[in-house]
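Structure at a glance
What follows is each chain in one-letter form.
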Amino acid sequence: MTAARRHARIAVGLSLALGAACVLGGLWLLPGRTEVATAADRAVPSPPRRFVPPAPARPAAAAEPSLAALIHAASAPALAEETARLNAAGRPVTTLQVAWDLLAAGRAGVALAYVALRPDRDAPALWPVRLRLLKATGRRDDAATLLASPPAGVAPHDVVAAGYALDRADLIAAAIAKGALPAEPAALMLDLIRRMDAADRRDLVAALDRRSTGAWRRADPWLALRIATRAADTPAALRAIDLLPPGERDKARETLLTRTGARAALRTLWLAEPDRAAAAEKLLAAGFRADAIATLRTLAATLSPGAPAAQRLLYLMGPRPRPADLAWLRDRTLTGDAADQRAWIAAYAPRDRPAAALAFLSRHPLAQSNALLLTRLSLADSAGDTATAGTIVATLLDGRALAPGELRAIDPRALPPGPAQLLARRRIAAGIATPAERLDLAWAAWNRGDAPGTIAQLTPYLADRPQDAVALRLMADAQAKAGGTTAARPYWERALAASPDADRTRAELLDRLGRRAEALRLVETLRANAPADRRLAALQARLLIAMGQPGRARAVLAP
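What this report covers is the structure whose coordinates are included nearby. (Residues numbered from 1 in each chain as written. Predicted model: local features only at pLDDT ≥ 70, side-chain atom pairs only at ≥ 80, totals over all residues. Heavy atoms only, no water.)

The next thing to look at is the environment of Gly 318. Tracing the backbone through its elements, the reader meets Gly 318 in the loop between α20 (308–317) and α21 (323–332). Note on Gly 318: relative accessible area 16%, which makes it buried. (Helix = DSSP H or I, 4+ residues; strand = E, 2+ residues; numbered from the N terminus. Buried < 20%, exposed > 50% of the residue type's maximum accessible area, 1.4 Å probe, protein only.)

Below, the structure written as structure tokens:
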């Protein structure tokens, strides 16, 4: 055998060996039966989003100035007459435009009367806005009557949107059942069946089901199973079970076949299921909400609020939980380390009544921590407890270290002047103060006679807002008090440049700058337009006296 043949055989052998190793490695990496089954069980589609009907399109506002001037005050007959006049003059204005403008102006009653006077009042295009106007004026029964018999030509989506706006999904369901509206989209059919099921309108549920394609069952098979079970429709229930996740079908079939007390049997099975999170969802889907919450409470007792099971529990509890759920939340705020306690406090505080939550958290071991003080302050504001809020603010501002985020969390608008100024100083020191806070501190310093303090606060403020005429006048007054008129003059000149061309403030600034003749001419012009203004009269008299004309000043002040 030659060396070339030996080398070829060795190369073929190595290739075969490497190929076999790759195949074995691939087989080893493939998932086993248990892994495949677990993945299939978890492949549960997300629940469909709630159906939201499209909002009706609003036309552009009427551009006619004569009509726009009447929208806020004119009567319905006057508006109708003006609309007719404009249309006759070849300047088209639609009834729909004017009705929408009146509704936007808060004059729904006038809009209704206006539409009734128009010749096209029964036009399909006006039907949606007539419904909105009836609802806005509290005539819900009339709106429902109008909804039940829309004129030909009204778009189906406008009818659906109107029904949802009136909270009369039953009328939409009845229209679809009669064939007056199309049985689509699927999200609408699902939402209507859910609503009719919740309202125990079995007749409409059955009618909607007959008109639908059955897609709602695939979107919410638990709803389909619940409806079929309640109707004792075993074939339909079995079809619904086929749509459930694979790992749940056998249990559902066994329960369904136990016809007597099927719900009780289903509840018992789920309460004993080891997977507590899955059991809670099944209980909730079957209508056992209290059991679902109790199951999740057991599971979440050792979890943080951010855990999925705890988040689901908080969602089911809602914004105002039952007393038992509130008591459970309070217990959670007292267990675990400080971080866990703060997390559960954040979940509990907005769900209890503000006064009750404030009373409980005031006794909490972490009550004096910064985070909990801020939570208590928010609750005190919500409860209208100004005394407690003041005490908490005083504690927060007693010299303790506060992070910038904590300083921002304190609302200065709810504070009395003293604490508000202290908060502003802390924010300035932290570099997070707003220009308005600096201006407030400047006025506070001026009011207590502190001209240097006023200047210190206004200097950075004016660097940020150099054209603020009020701040410039305040700076000029402070400079005059601290350093005399020479120091104040540049700020008077800047304030003059930033002031309106014709007002009393400008005249006073001209006087301060020694330009009394200009000031007097301006005051005389202003008085010609406002002869009864006593402040202008006093300013004119003062200028005349300063210019050596006391006789004219007395004539100005004479009654």
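Having seen the structure, we can now continue with the description.
As a further point, take helix α9 (residues 156–165). Among the 10 residues that make up α9, 7 are buried, leaving the element largely enclosed by the rest of the structure. One or two positions beyond α9, positive phi appears at Asp 167, with a value near 60°.

Summarising the element assignment, Thr 295 is placed in helix α19 (residues 289–300). Given a relative accessible area of 3%, Thr 295 falls into the buried group. A sequence separation of 18 residues divides Thr 295 from Ala 277, and the C-alpha atoms of the two residues are 7.7 Å apart. Residues contacting Thr 295, with those up to four places away along its chain left out, are Leu 271, Arg 276, Ala 280 and Leu 283. (Contact = heavy atoms within 4.5 Å.)

Moving on to the packing of aromatic side chains. Under the counting rule described, the total for this entry stands at 2 aromatic pairs. Note on Trp 328 and Trp 344: the rings are 5.5 Å apart at their centroids and 90° apart in plane angle, and the pair reads as edge-to-face. Of the two residues, Trp 328 is situated in helix α21 and Trp 344 in helix α22 (residues 338–348); the sequence distance between them amounts to 16 residues. Each member of the pair, Trp 328 together with Trp 344, is buried. When the ring centre of Trp 328 is taken as reference, the NZ or CZ atom of Arg 332 above it lies at 5.0 Å. We note Lys 481 situated over the ring of Trp 446; from NZ or CZ to the ring centre the distance is 5.6 Å. (Phe/Tyr/Trp six-rings, centres within 6.5 Å; stacked < 30°, edge-to-face > 60°. Lys NZ or Arg CZ within 6 Å of the ring centre and 35° of its normal.)

A separate point is the side chain of His 364. Relative to the assigned elements, His 364 resides in the loop between α23 (354–362) and α24 (370–383). A polar side-chain atom of His 364 sits 2.7 Å from the main-chain carbonyl oxygen of Thr 333. Setting aside its immediate chain neighbours within four residues, His 364 contacts Thr 333, Leu 334, Gln 341, Ile 345 and Leu 372. (Polar contact = N/O pair within 3.5 Å; in protein donor to acceptor, adjacent residues only side chain to side chain.)

It is worth spelling out the pattern of salt bridges at this point. When charged atoms on two side chains of opposite charge get close, those side chains can pair. Counted under the stated rule, the structure contains 19 salt bridges. When the shortest N-O distance is used, the salt bridge between Arg 202 and Asp 200 registers 3.2 Å. Taking the relative accessible area as the measure of exposure, Arg 202 reaches 47% and is therefore partly exposed. Between Asp 450 and Arg 448 there is a salt bridge, and its shortest N-O distance comes to 3.9 Å. Of the residues examined, Asp 450 reaches a relative accessible area of 26% and is grouped as partly exposed. Connected through salt bridges with shared partners, the residues Asp 197, Arg 226 and Arg 230 form a single ionic network. (Salt bridge = Lys/Arg side-chain N within 4 Å of Asp/Glu carboxyl O.)

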